[in-house]
Amino acid sequence: MKNINLRIIAPLFLLLIPLVGMLFSDQVKWSLFDFAVMGSLLLILGTGIDLIFKKITKQSSRIIYIIILILSFLVIWIEMATGVFYSPIAGS
């Protein structure tokens, strides 16, 4: 049980990076909503990776699914941050 919780919760520690950035610089300006959205995305990523490790037994399939999951996460994150694809979820 400890291992599962660590795999799911560990990505949330990445939220400490913008928090520390906000303490030392005026250029990083995240609201509580920004932290909640990014925390949700990271929690979904961690849960997805955990499910892949539980359900997929073949190593090559695991790698492919995890790469697809990470690339999907990155596309959503980049779109929300910059609006590259001009979708309704763009933050700019």
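Residues numbered from 1 in each chain as written. Predicted model: local features only at pLDDT ≥ 70, side-chain atom pairs only at ≥ 80, totals over all residues. Heavy atoms only, no water.

**Student:** Just checking my understanding: could you explain the overall build of the chain for this structure?
**Tutor:** Along the chain, the regular secondary structure elements total 4 helices and 0 strands. Of the regular secondary structure in the chain, the N- to C-terminal order runs α-α-α-α. Considered along the principal axes of its C-alpha atoms, the chain spans approximately 45 × 35 × 15 Å. Looking at the 92 residues of the chain, the share that counts as buried comes to 22%. Contacts spanning at least 24 positions in sequence make up 42% of the contacts within the chain whose residues lie at least 6 apart. A total of about 7000 Å² of accessible surface is found on the chain, and carbon and sulfur atoms cover 74% of it. Across the chain, the mean location of the 7 positive side-chain charges is 21 Å away from that of the 4 negative side-chain charges. (Helix = DSSP H or I, 4+ residues; strand = E, 2+ residues; numbered from the N terminus. Buried < 20%, exposed > 50% of the residue type's maximum accessible area, 1.4 Å probe, protein only. Contact = heavy atoms within 4.5 Å. Areas by Shrake-Rupley, 256 points an atom, 1.4 Å probe, with all protein chains shown as cover. Lys, Arg positive; Asp, Glu negative; His and termini not counted. Charge placed at Lys NZ, Arg CZ, Asp CG, Glu CD.)

**Student:** Can you walk me through the pattern of salt bridges in this structure?
**Tutor:** A side chain with one charge may pair with a side chain of the opposite charge, provided their charged atoms come close. Per the counting criterion, the structure on display carries 1 salt bridge. The closest approach of N and O atoms between K54 and D50, which form a salt bridge, is 3.9 Å. With K54 and D50 both in helix α3 (residues 32–55) and 4 residues apart, this pair spans about one turn of that helix. Note on D50: relative accessible area 3%, which makes it buried. (Salt bridge = Lys/Arg side-chain N within 4 Å of Asp/Glu carboxyl O.)

**Student:** I tried to follow the confidence of the model for the chain on my own but got confused; where do I start?
**Tutor:** Note that predicted coordinates carrying low pLDDT should not be read in detail. In the predicted model, the chain carries a mean pLDDT of 87, and 91% of its residues have values of at least 70. Helix α1 (residues 2–9) is the least confidently modelled element of the chain, averaging 66 in pLDDT, while helix α4 (residues 59–82) averages 94, the highest of any element. (pLDDT = per-residue confidence, 0-100.)

**Student:** Any chance you could explain the environment of M80 here in plain terms?
**Tutor:** Along the chain, M80 falls in helix α4. For M80, a relative accessible area of 28% corresponds to the partly exposed category. Counting along the chain gives 43 residues from M80 to V37, while the straight-line C-alpha distance between them is 9.8 Å.

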